[in-house]
Structures are given as structure tokens and as C-alpha cells.
Amino acid sequence: MAERVQVAVADRAAVSAVSARLARAEAERRPCAPVRDLLGPTDIAAAYAAQQRLAQDRLARGARVAGRKIGLTSAAVQRQVGVDRPDFGMLFDDMDVSDRAAAVPSERLLQPRVEAEIAFVLGADLDMAGLDLGQVRGAVDHARAALEIVDSRIAGWDIAITDTVADNASSGLFVLGPERVPLDRFEPREVSMAMTLDGHEASTGDGAACLGDPLEALLWLARTAREFGDPLRAGQVVLSGALGPLVPVGPGAVVHAEISALGSVSATFTSTQ
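Scope of this entry: the structure provided in the associated data block. (Residues numbered from 1 in each chain as written. Predicted model: local features only at pLDDT ≥ 70, side-chain atom pairs only at ≥ 80, totals over all residues. Heavy atoms only, no water.)

On to the pattern of salt bridges, then. Across all of its chains, the model carries 16 salt bridges by this definition. Between arginine 68 and aspartate 230 there is a salt bridge; the shortest N-O distance is 3.0 Å. Of this pair, arginine 68 sits in strand S1 (residues 65-71) while aspartate 230 sits in the loop between helix H7 (214-227) and strand S8 (237-242); the two residues are 162 residues apart in sequence, bridging distant segments of the chain. The network of salt bridges with common partners includes Glu26, Asp151, Arg153 and Asp167. (Salt bridge = Lys/Arg side-chain N within 4 Å of Asp/Glu carboxyl O. Helix = DSSP H or I, 4+ residues; strand = E, 2+ residues; numbered from the N terminus.)

Okay, structure coming up:
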């Protein structure tokens, strides 16, 4: 994946330093200081360039792109982490831990939190100009209930927008539920969600919490990805954003979410980290 965000020559050293800091935190399994000291708190283009540098390294090690994730679509989550706008990151094949025969590997995570959301699986490319909501809806093959296990390489989740963007939108792992539901059977903005942690209610929400409509979030991503020169493609999974507050989890946790019209999705974490 070629670097598509244009970054000023003066910023290239900062982008390299950011990607090196985050890569070291991942490799050493030790959260690092925020990277906004290198990027500043508002240089989104440089932050995405750092994200792309890390993605290129991951692809070079053999990972495959599985789709995208949209982050910070819920006002509740924005308040939790102190960020006021959505962002996006890459999903790779090795982030998908949907196999119910295996527990979520806690040892791959640093500071995990879980959120329930709608996953859209695309049946067509979204690479045309002037994308609208009808085209986006028509490109969706089906939707599934999903748990996104977000994580941060930044110590204490002390993030501004440039920190989380550079850190692949604070991505970790994801779990897809078994039911595949086409859009002619439900409206994403009308779903309700209830999530439990170890059997106790932990988060509730609805489709409207995700930018007013998860399809609007998908439209935002489709337009943004095209502007970045890397449009959404058929077969990709898009995690459309949290339907309610995210919940910290630790080793041994059991998370279960019910999303109306889409059924349930669960994750059990291994007991050691």
C-alpha cells in the first residue's frame, strides 16, 4: 500500500519517529508516551501518514487487509477518550478472532476495551465520485453483530486525535457474530444494543448513537477513503463504530452483546496477559 497522504518535507522525520515509537511499544508490549509531542495535536495528515507507514510494515510481514474500522463515532466514546471527531484505521486478517473455538488472546493486548457495533460486509467497491447514501447502502452485502476490542499503544489512553489516528485508530482485535443480515431486513439506525461483562450489564446504546446512523458513518468512511486514494473494496469488513460506551476488560473476561435484528456476539478472553 503506497503512502498516499502528502506530508510536508519538514514533517517526514516526525512521521518516522512516531511510527518507530509505536512499533516499539507494540513489539515490547509496553505502552509509550503520546506521540503528539512529535506531531502536534492537530496535524491529521501527518498522523495518517504515520498510520500508513505502520500499515506498510505490517503488510510487508505478511498481513492482508481485511477492511477498515471507524472510530470515535459515538458521543459517549468521544467523551470517554476526550476526542471530538471520528477517525478510521485498517483491519488486517490477523485481527479477526471470530473463531468461537478459540479464546481472544489477552497476551496480544495492552490496555483493551470493548465496544459493540454493526459490521458491514461489502459486496461492491465504493470507488466512485460523488458517493451518496443510496450507493453506500447498495454496496453492502450484509451486516453482522460485532465486538471491537480496541487497544492503545499510548500509556493510560492519554490520547488526542493525532495520537489515536497514528496508532491505527486505537485498533486491536475484532469478533464477528454468526448471523448475516441483509439491509432489506432492518434499519441500522433503529437497532438497540445491550452488552454484558461477566454477566453484568456494562453498556447499552442504539444505532442512532453512531453518527446518527451507522450507514452515515459508512458513507463518511467511503468518501474519506476515496479521498486518501485507497477506496473501500468488495469483500472488505467495515466496523462502523460504537453503539454505546466502551468497557475496559482484562484476562478471563467474558463479553456478550445482543444487537436487535443482528443477534448476538460473544468473546471470552484468555486468563493470562
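That covers the picture; the talk isn't over yet.
Below, the discussion takes up the packing of aromatic side chains. The final tally for this structure, using the stated rule, is four aromatic pairs. Residues tyrosine 48 and phenylalanine 228 carry aromatic rings whose centres are separated by 4.9 Å and whose planes lie at 70 degrees to one another, so their mutual orientation is edge-to-face. Highlighted residues: tyrosine 48 in helix H3 (residues 44-60) and phenylalanine 228 in the loop between H7 and S8, separated in sequence by 180 residues. Between phenylalanine 88 and phenylalanine 228, the aromatic rings sit 5.5 Å apart at their centres with planes inclined by 90 degrees, giving edge-to-face as the arrangement. Linking phenylalanine 88 in strand S2 (residues 87-92) with phenylalanine 228 in the loop between H7 and S8, this pair joins segments that are 140 residues apart in sequence. Classification of phenylalanine 88 by relative accessible area gives buried; the value is 4%. Among the aromatic side chains, those forming a connected cluster through ring pairs are Tyr48, Phe88, Trp220 and Phe228. (Phe/Tyr/Trp six-rings, centres within 6.5 Å; stacked < 30°, edge-to-face > 60°. Buried < 20%, exposed > 50% of the residue type's maximum accessible area, 1.4 Å probe, protein only.)

Right, let's talk about unusual backbone geometry for a bit. In this model, arginine 29 sits at a positive phi of 55 degrees, which is unusual for a non-glycine residue. Positionally, arginine 29 belongs in the loop between helix H1 (12-28) and helix H2 (36-39). Positive phi is not limited to glycine here, since alanine 261 has a value of about 80 degrees. With respect to the element layout, alanine 261 can be found in the loop between strand S10 (254-259) and strand S11 (263-268). By relative accessible area, which is 43% here, alanine 261 ends up partly exposed.

Attention now moves to the packing of H1 against H3. Helix packing for two helices is described by the angle between their axes and how far apart those axes are. At a closest axis distance of 9 Å, the pairing of H1 and H3 adopts a crossing angle of 50 degrees. On the basis of their axis angle, the class for H1 and H3 is oblique. Viewed along their axes, H1 and H3 form a crossing whose handedness is right-handed. Here Val15, Ser16, Val18, Ser19, Leu22 and Ala23 of H1 come into contact with H3, specifically with Ala46, Ala49, Ala50, Arg53 and Leu54. Its residues assigned to classes, the contact of H1 with H3 comprises eight nonpolar, two polar and one charged. (Axes fitted to C-alpha atoms, helices over the stretch in contact; angles between N-to-C directions. Parallel < 35°, antiparallel > 145°, perpendicular 65-115°, else oblique. Left-handed = near helix turned anticlockwise from the far one by under 90°. Contact = heavy atoms within 4.5 Å. Nonpolar A, V, L, I, M, F, W, Y, C, P; charged D, E, K, R; others polar.)

The strand order across the open sheet formed by four strands is S7-S6-S10-S11, and the pairing between neighbours is antiparallel. In this open sheet, the two strands that pair with only one neighbour each are strand S7 (200-206) and S11. If you compare each strand with its neighbour and ignore which way they point, the axes differ by 15 degrees on average. Of the strand pairs in this sheet, strand S6 (residues 192-197) and S10 are connected by five bridges, and their pairing is antiparallel. Looking across to S10, one finds that alanine 194 is bridged to glutamate 258. (Pairing = 2+ DSSP bridges.)

We now examine the nonpolar core. In terms of nonpolar packing, the biggest core is built from 73 residues, with Val104, Leu147, Met195, Leu218, Leu232 and Phe269 touching the most fellow members. With seven residues, H7 is the single largest residue contributor to this core. Aside from chain neighbours lying at most four places away, what touches phenylalanine 269 is Ala103, Val104, Ser106, Leu109, Val114, Ile149, Val249, Gly250, Gly252, Ala253 and Val255. Among the nonpolar cores identified, the runner-up in size contains 14 residues, and Ala66, Phe92, Val121 and Leu176 belong to it. (Core = buried A, V, L, I, M, F, W, Y, C linked by side-chain atoms within 4.5 Å.)

What follows concerns H3. Over its 17 residues, H3 extends 24 Å from the first C-alpha to the last, a length consistent with the 24 Å expected when each residue adds 1.5 Å. Among all positions of H3, only Ala46, Ala47, Tyr48, Ala49, Ala50, Gln51, Gln52, Leu54 and Ala55 are buried. Those residues of H3 that are buried lie in contact with H1, H2, S2 and helix H6 (161-166). Backbone geometry just downstream of H3 places glycine 62 in the positive-phi region, at approximately 110 degrees. (Expected span 1.5 Å × (residues − 1).)

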